[in-house]
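Fold and geometry: a report
Spelled out, the chains give:
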Amino acid sequence: MDPVIELAGLSVRFGNRDILHNLRVALSGRTIGLLGPNGAGKSTLIQTLLGFVPLSAGSANIFGHDIRQQTRELRALIGYMPENDSFIANMTAVSFVRMMGELAGLPHDAALERAHEVLFYVGLGEARYRLLGTYSLGMKQLAKLAQAIVHGPRLLILDEPTNGLDPPARLRMIRLIKEMKQTGSMHIVVCSHLLRDVEETCEEVLILKQGRIVHHANLEEERRANKRFVELETVGDEKDFAGALTALGCECVGTGLGRVKMVLPVEFELREIYRLAAERDLQLRRLNYRRDTLEDIFLKAMEA
Amino acid sequence: MAVYKRTYAAYEGSLTPAWSRFLILPRYSFARLWQSRFLVMFFMACFFYPLGCVGYIYLANNLSVLSSFGVPAGNFIKVEPSLFLYFCWVQAAFTYLLTAFVGPSLVSPDLVNGAMPLYFCRPFSRAEYIAGKMSVLVFLLSLVTWAPGLILFTIQASLAGWEWTKANLWIAGSLFIGLMVWILMLSLLALALSAWVKWKIAAGGLLLGVFFAGAGFGTALNSVMRTSYGSLLNLTEVMFTIWSKLFSWPSDTGISLEASWICVAVVCAVCLWLLVRRVRAFEVVK
C-alpha cells in the first residue's frame, strides 16, 4: 500500500531547541494514531505537515506530495480539526461551515448544501442556525469536525478530538470517526493522549517522546498476532496434552500447576484444543488470549 | 450525500478558481456588517455631503434657477478644484469614523476565537487573507470617497461641456489617487491595529488615538525642536500636504511633498509588517 504520510529525517527546531528530531517513518493505515505525552511534539508534527511550521532538516510527503513544494495542493486534500477553540463566534454554524467549504474551493451553492449535510451528519442539524458562540464545548468540537470534512478531504487530521467531551459526546465522536473510516475513502490521523480513543479507532500507531519516534506499530497486526498467543489453565495431564498440541504444530511451554502457554500456528483452529482435551479427559478451566493493550505498548515505549 | 442518509460521502464536484477565493471573506464580512443598523445609517449619512455637492454643481451650472428664486448668484458660486479638495477633506473625515467602526471587527474576532488555523489549513494563503480583509475596507471606503467624487466630476463635466472637462481632467486623477492613498493607509492601519489589539473597542479607540496622539505629539515636537518635521507624525497633515499638491492648492503644513509620500509609504510598510507578523496559523509563545 502506498504510504499516506512519509517522513524522511524530518526535523523541526524552534530557536536552539529541537522539537522534532530526525523522524523517519512511512504511515499507510486508514486510521493512524499519534500518541505521546504532553510536549512530545505531536501537535508540532501536525502543524509541520500542514505547512505551518518550517522544517529545519529532512522532508515529508503526504500522498506523494512534498509538503514544502506543494503545500497549496496538499492543503486541498487535508481536513484539519484543531485542538483548541477555533471558530468565529458571531456566525451561525451553517454560515461558518459554508464559508470554510468555500475557502477550500467549493462553489457557494455546493458549499451551502454540503454545510447542511455535514452538520446533520455530525449531529448538529437542529442547531445549525445557532451562533457558534452559544454552543457548548461538545457542540463546538462537532462544528470543528464538520468544517474539517465539508470539502471531502482525503486526509483528515483530528487533534485531540475528544478533548473536554462528556462520555456520551465522546462515544459519539468515536462512532463518527469509525463510521468515516468505514464508509469514506479518507485516511484519518487521530492525535491524542487518550490511549483508549486511539485503541478504539486506529489501526496504526506512532508514539513520540521528546520529539523522537519511540514506537511504530500496526495495531491490527499486533491484534492478529496476539490472537495466536494462548494461555491455558488445565486440570489433568497437561504434559501429554502439550505433546499432542506440539504434534499439531503449536509451540508449547508448560509453566507448572496445569498452566500451558502456546503459540498457535497460522490456520490453526481453536476447536482442535477442545477436541484434544476431550480425548484426554482434560478439564480446561481457562483459555486466555494474550492482551497486549495499547497501554502496555505505550508504557513499554515510554520506558525505552 | 442526502440529508436523510446521514452518512459521510466525499465531495466530487468542481472547484472554484484559486485566485477568486479571497473575495469570499468580503462577502461574509459585508453580510455581517450590514446587520448593524448604526452602520447602515452612518453609511447613508456619508452621502449627504456628496448630495449637497451635486446640488451645488447643478446650481453653479444653472444660475438662472437661483435668479428665478430671487437669489443674486453673482460670481461666488462656481466649480473650482477647491470644491473637490473640500470634498476629499469632508469624505475623509467620514471614512475615518467609518473605519474606526468597521476595521476592528475584521481581524480581531478571528484571532480571539483562534480561527486562523482554519483559514490557513486550506488552500488559502496569508496574503489572500489580508487582501480579502483589506478589500472590505477598500470597497466600503471607495463607495463614499472617490466613487462619488468621480460621479461629481462626471456631472460637472456633463454640465460644463468638453472644454472644461479637457482643462480639468487632472482633477479626476487627483481625486482617485489622493483618496485611494488615504484609503490604503487607513485600511492597513485599521487592520494592523485590529490584529494587535484583540479587544474591538480598544482597537477602534486606538485608531482614533493614532491620529489625535500623533497630531498632539507632532505639534509638541515642532514647538520644542523648532522644526516642522514633527508634522510628519500628524497623518492628517501629511495627507493634507499630498492632497494640496494634487489639487494645486497652497499648503501651510511646512513639510515637503516628498517627505509626505515617504511618511505614507513608511506607515503602510510598518502596518503590513505588523499584519504579517500577527496573521499566522499559530502563535509562537516564548
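Cut-offs used in this document
Numbers given to residues run from 1 along each chain, matching the order in which its sequence is written. Chain A is the first chain written and ligand 1 is the first ligand written, with later ones labelled in order. Per-residue local features of the predicted model are confined to residues with pLDDT of at least 70, and side-chain atom pairs are confined, for both listing and counting, to 80 or more; whole-chain, interface and lining totals are unaffected and use all residues. Under the scheme used here, helices are H or I runs from DSSP no shorter than 4 residues and strands are E runs no shorter than 2 residues, and both carry numbers assigned from the N terminus. Put plainly, a residue is buried at 20 or more neighbouring C-beta atoms within 10 Å of its own, exposed at 12 or fewer, and partly exposed in between, counting only other residues' C-beta atoms, which are placed from the backbone. Two residues form a contact once the distance between their C-beta atoms, set from the backbone, is within 7 Å. What pLDDT reports is the predictor's confidence in each residue, on a scale of 0 through 100. Here, a strand pair is defined by DSSP locating no fewer than two bridges between the strands. Note on residue classes: Ala, Val, Leu, Ile, Met, Phe, Trp, Tyr, Cys and Pro are nonpolar, Asp, Glu, Lys and Arg are charged, and everything else, Gly too, is polar. Orientation is described by lines fitted to C-alpha atoms, with helices fitted over the stretch in contact, and by angles between N-to-C directions that extend from 0 to 180 degrees. Any angle that falls under 35 degrees is termed roughly parallel, while one over 145 is termed roughly antiparallel, one within 65 to 115 roughly perpendicular, and all others oblique. Two helices that cross are described as forming a left-handed crossing if the nearer one is turned anticlockwise from the farther one by less than a right angle, and a right-handed crossing if clockwise.

**Digging into the overall build of chain A**
Of regular secondary structure, chain A possesses 11 helices and 14 strands. When the backbone C-alpha atoms are referred to their principal axes, chain A occupies close to 75 × 50 × 30 Å. Split into buried and exposed, the 304 residues of chain A put 44% on the buried side. The contacts of chain A with a sequence gap of at least 6 include a subset with a gap of at least 24, amounting to 67%.

**What to know about the confidence of the model for chain B**
When pLDDT is averaged along chain B, the result is 89, and 95% of the positions lie at 70 or above. Scored as a whole, the predicted complex attains pTM 0.85, and scored at its interfaces, ipTM 0.84.

**Looking at the pairing of strand β3 (residues 31–35) of chain A**
Residue and element names in this part refer to chain A. Among the 5 residues of β3, 5 are classified as buried, and the element is accordingly described as predominantly covered. The two faces of β3 match: Thr 31, Gly 33 and Leu 35 on one face and Ile 32 and Leu 34 on the other face are all buried. Bridging between β3 and strand β8 (residues 187–191) involves 4 bridges; their strand directions are parallel. Residue pairing across strands places Ile 32 opposite Val 189, the latter belonging to β8. Of the strand pairs in this sheet, β3 and strand β9 (residues 204–209) are connected by 4 bridges, and their pairing is parallel. For Gly 33, the partnering residue across the bridge sits in β9 and is Val 205.

**What to know about the interface of chain B and chain A**
At the junction of the two partners, chain B supplies 30 residues and chain A supplies 40 residues. Secondary-structure elements contributing two or more residues to the side of chain B that touches chain A are α1 (24–33), α6 (104–112) and α7 (116–120) of chain B. Considering every element that reaches the side of chain B that touches chain A, the biggest residue donor is α7(B), with 4 residues. Residue classes in the side of chain B that touches chain A are distributed as 19 nonpolar, 6 polar and 5 charged.

**Some details on α1(B)**
Those residues of α1(B) not exposed but buried are B:Ile24, B:Leu25, B:Pro26 and B:Ser29. Turning to α1(B), the residues buried within the fold contact α3 (93–103) of chain A together with α6 and α8 (126–144) of chain B.

**Here we look at the sheet that holds strand β6 (residues 78–81) of chain A**
Residues and elements named next belong to chain A. Ordered in space as β6-β7-β8-β3-β9-β10, the 6 strands form an open sheet in which the pairing is mixed. The open sheet has two edge strands with one neighbour each: β6 and β10 (212–218). For this sheet, the mean inter-axis angle between neighbouring strands, taken without regard to orientation, is 15°. Strand contacts of helix α6 (residues 167–183): β3, β7 (155–159) and β8, with the helix running at about 155° to β8, the strand carrying the most contacts. Packed onto the sheet, helix α11 (residues 294–303) meets β3, β9 and β10 and runs at close to 30° relative to β9.

**Quick word on the sheet that holds strand β4 (residues 57–62) of chain A**
Residue and element names in this part refer to chain A. Taken in spatial order, the 4 strands make up an open sheet running β2-β1-β4-β5, and their pairing is antiparallel. Of all the strands in the sheet, just β2 (17–27) and β5 (65–66) have a single pairing partner and so form its edges. Direction of pairing for strand β1 (residues 5–14) relative to β2: antiparallel, over a ladder of 8 bridges. Residue pairing in the sheet places Leu 10 in a bridge with Leu 23 of β2.

**Overview of the packing of α3(A) against helix α4 (residues 108–122) of chain A**
Helix-helix packing: each pair is described by the crossing angle between the helix axes and the interaxial distance. Residues and elements named next belong to chain A. Running from amino to carboxyl end, α3 crosses α4 at an angle of 130°, the nearest separation of the two axes being 8 Å. Accordingly, the angle class assigned to the pair α3 and α4 is oblique. Of the two possible hands of crossing, α3 and α4 adopt the one that is right-handed. On α4, the residues that touch Ala 93, Val 94, Val 97, Arg 98, Gly 101 and Glu 102 of α3 are His 108, Ala 111, Leu 112, Arg 114, Ala 115, His 116, Val 118 and Leu 119. Its residues assigned to classes, the contact of α3 with α4 comprises 8 nonpolar, 3 polar and 3 charged.

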